[in-house]
Amino acid sequence: MAATLTEVAEHAGVALSTASRAFGEPGRLGADTLHKVLAAAEELGYEPGRSRRAGGTPRGTTVAVVVPDIANPVFGAFVKAAQGEGRHREQTVVLADTAFDRDRERDMIARMRDRADGIVVCSPRLDAEELPALCGRTPAVLVNRETTGVDCVLTDATDGLRQTVDYLVALGHRHLAYVQGSARSWSNTHRLGIVTALAEQAGVRLEVLGHQAETVAGGTAAAAGVVAGGATAVIAHNDLVALGIVAGARTLGVRAPADLSVVGFDDIPLAEVTHPALTSIAAPMDRAGAVSVELLHRAVAGERRLPRTVHLPTQLVVRGTTGPVREGIA
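Keep in mind it's a predicted model, so treat the numbers as computed, not measured. (Residues numbered from 1 in each chain as written. Predicted model: local features only at pLDDT ≥ 70, side-chain atom pairs only at ≥ 80, totals over all residues. Heavy atoms only, no water.)

Visitor: Where do I start with the overall build of the chain in this structure?
Guide: Each helix and strand in the chain was counted, giving eleven helices and twelve strands. Across its three principal directions, the C-alpha atoms of the chain cover 85 × 35 × 30 Å. In the chain, buried positions account for 52% of the 330 residues. Here the contacts in the chain between residues at least 6 apart in sequence split such that 70% fall between residues at least 24 apart. With an accessible surface of roughly 14,400 Å², the chain has 51% of that area assigned to carbon and sulfur atoms. The distance from the centre of the 33 positive side-chain charges to the centre of the 37 negative ones in the chain is 1 Å. (Helix = DSSP H or I, 4+ residues; strand = E, 2+ residues; numbered from the N terminus. Buried < 20%, exposed > 50% of the residue type's maximum accessible area, 1.4 Å probe, protein only. Contact = heavy atoms within 4.5 Å. Areas by Shrake-Rupley, 256 points an atom, 1.4 Å probe, with all protein chains shown as cover. Lys, Arg positive; Asp, Glu negative; His and termini not counted. Charge placed at Lys NZ, Arg CZ, Asp CG, Glu CD.)

Here it is, written out as structure tokens:
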């Protein structure tokens, strides 16, 4: 069996990404490093042509996917789609979970940049300006964080939130609430800006509640504030928060949708099996996973082009937690 690029890298004592550059971009390596890799390849009988598809793109490469919380169904769907795309392209996808911790995220990226051929960072908590420098020369794709110099994939909340506000206004709601996620979340800032503008355009009151953990517990904690504020409908940062709001409001004697309409974001599988089923804005995170690996594959292959920003639209999915304002409340 022919030697693989991974075996060449190990034999030469260099990172896989370094070995890959020896055959794709030799000018980026020092003379001594290049010599070590080529000597190892010759000794092992490695043939670069065999490690490439007919289209000339590399096989056997490794992609690191960094996510903030693999236990969240949204990121689980993202990783599954990324792995599927990687398998299709004969790439190995390795996973790092940062637990929403910025220091851990920084450490994971710093470790992966020399061990992987490319990095996908999903919903990072680090500042956008820090990420390209942290990734260094290793090709990177950012998901739900926008900056210059690298490929970005964004789930665009504009359509989904416009549909949601229009729908709630049509149901008679004139006092809305928005429960925020993390202060470090690009998605939270993006969604808050859109819903604020839409509420103003529609002439309805919007009450913005403080930042919460992006979990069911975070939503349960926010429920009292939603109820006390008197909003008749609430849009939550994500579905987990929305489910927590439904449960927390119920303990206060407020039920969805009779007393309070609740809308989540992401449309996770749980949304359609809860009782009542959760109205949610579907965000195509599975598509984002596949697109991000595709973009990274092109970058690792050495295709020269300007960085791209891909916008993926969202869509309102109406279920049982939303309904008309109860008579006498609007």
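What follows continues from the structure just given.
Visitor: What am I meant to see in the pairing of strand β11 (residues 309-313) here?
Guide: Residues in a regular strand point their side chains to alternate faces of the sheet. Side-chain alternation along β11 places Val 310 and Leu 312 on a buried face and Thr 309, His 311 and Pro 313 on a face that remains uncovered. One ladder, built from five bridges, connects strand β5 (residues 151-156) with β11; its direction is parallel. The residue of β11 that forms the bridge with Cys 152 is Thr 309. (Pairing = 2+ DSSP bridges.)

Visitor: In this structure, what is going on with the packing of helix α7 (residues 158-170) against helix α8 (residues 186-202)? I would like to understand it.
Guide: Helices that pack against each other are described as a pair by the angle of their axes relative to one another and the distance between those axes. Running from N to C, α7 and α8 cross one another at 35°; their axes reach a closest spacing of 10 Å. When the axes of α7 and α8 are compared, the crossing they make is right-handed. When α7 is examined against α8, the residues Thr 158, Leu 161, Arg 162, Val 165 and Val 169 are found in contact with a partner set consisting of His 190, Arg 191, Ile 194, Val 195, Leu 198 and Ala 202. Residues that form the contact of α7 with α8 fall into these classes: seven nonpolar, two polar and two charged. (Axes fitted to C-alpha atoms, helices over the stretch in contact; angles between N-to-C directions. Left-handed = near helix turned anticlockwise from the far one by under 90°. Nonpolar A, V, L, I, M, F, W, Y, C, P; charged D, E, K, R; others polar.)

Visitor: What should I look at first to understand the nonpolar core in this one?
Guide: Nonpolar side chains in soluble globular proteins generally cluster together in the buried interior. Counting 25 residues, the largest nonpolar core has Val 65, Phe 78, Val 120, Val 143 and Val 153 as its most contacted members. If you list the elements that add at least two residues to this core, you get β1 (62-67), α4 (73-88), β3 (118-122), β4 (140-143), α11 (285-300) and β11. By residue number, the principal contributor to this core is α11, which donates seven residues. The residues touching Val 153, leaving out its near neighbours within four places in the chain, are Val 141, Leu 142, Val 143, Asn 144, Ala 288, Val 291, Ser 292, Leu 295, Val 310 and Leu 312. Listed in part, the 20 residues of the second largest apolar core include Leu 209, Ala 222, Leu 260 and Val 262. (Core = buried A, V, L, I, M, F, W, Y, C linked by side-chain atoms within 4.5 Å.)

Visitor: I tried to follow the packing of aromatic side chains on my own but got confused; where do I start?
Guide: Per the stated rule, a full pass over the model turns up zero aromatic pairs. For the cation-ring pair, Arg 191 lies above Phe 265, with the distance from its terminal atom to the ring centre recorded as 3.6 Å. (Phe/Tyr/Trp six-rings, centres within 6.5 Å; stacked < 30°, edge-to-face > 60°. Lys NZ or Arg CZ within 6 Å of the ring centre and 35° of its normal.)

Visitor: Where do I start with the side chain of His 175 in this structure?
Guide: Relative to the assigned elements, His 175 resides in strand β6 (residues 175-180). For His 175, a relative accessible area of 12% corresponds to the buried category. A polar side-chain atom of His 175 sits 3.1 Å from a polar atom in the side chain of Glu 207. (Polar contact = N/O pair within 3.5 Å; in protein donor to acceptor, adjacent residues only side chain to side chain.)

Visitor: Help me understand the environment of Ala 213, please; the structure alone is not making it clear to me.
Guide: By the secondary structure assignment, Ala 213 is in the loop between β7 (205-211) and α9 (216-229). Overall, the relative accessible area of 44% leaves Ala 213 in the partly exposed class. Through-space distance from the C-alpha of Ala 213 to that of Gln 180 is 8.7 Å; in sequence the pair is 33 residues apart. The contacts of Ala 213, once residues within four sequence positions are left out, are Gly 218 and Val 241.

Visitor: Please clarify how the packing of α4 against α11 should be interpreted in this entry.
Guide: In contact at an axis separation of 7 Å, α4 and α11 are set at 40° when each is read in the N-to-C sense. By the angle between their axes, α4 is oblique relative to α11. Here the hand of the crossing between α4 and α11 comes out right-handed. Here Val 74, Ala 77, Phe 78, Ala 81, Ala 82, Glu 85 and Gly 86 of α4 lie close against α11, whose contacting residues are Met 285, Asp 286, Ala 288, Gly 289, Ala 290, Ser 292, Val 293 and Glu 294. Taken together, the residues of the contact of α4 with α11 break down into nine nonpolar, three polar and three charged. (Parallel < 35°, antiparallel > 145°, perpendicular 65-115°, else oblique.)

Visitor: I would appreciate a short explanation of the environment of Gly 229 in the present structure.
Guide: Relative to the helices and strands, Gly 229 is located in helix α9. For Gly 229, the contacting residues outside a window of four places in its chain are His 175 and Glu 207.

Visitor: Looking at this structure, how should I read the sheet that holds β4?
Guide: By way of backbone hydrogen bonds, the strands of a sheet pair with one another, either parallel or antiparallel. Read from one edge to the other, the open sheet built from six strands follows the order β2-β1-β3-β4-β5-β11, with strand pairing classed as parallel. In this open sheet, the two strands that pair with only one neighbour each are β2 (92-97) and β11. The average undirected angle you get between the axes of adjacent strands in this sheet is 15°. Where β1 lies against β2, six bridges are found, and the strand directions are parallel.

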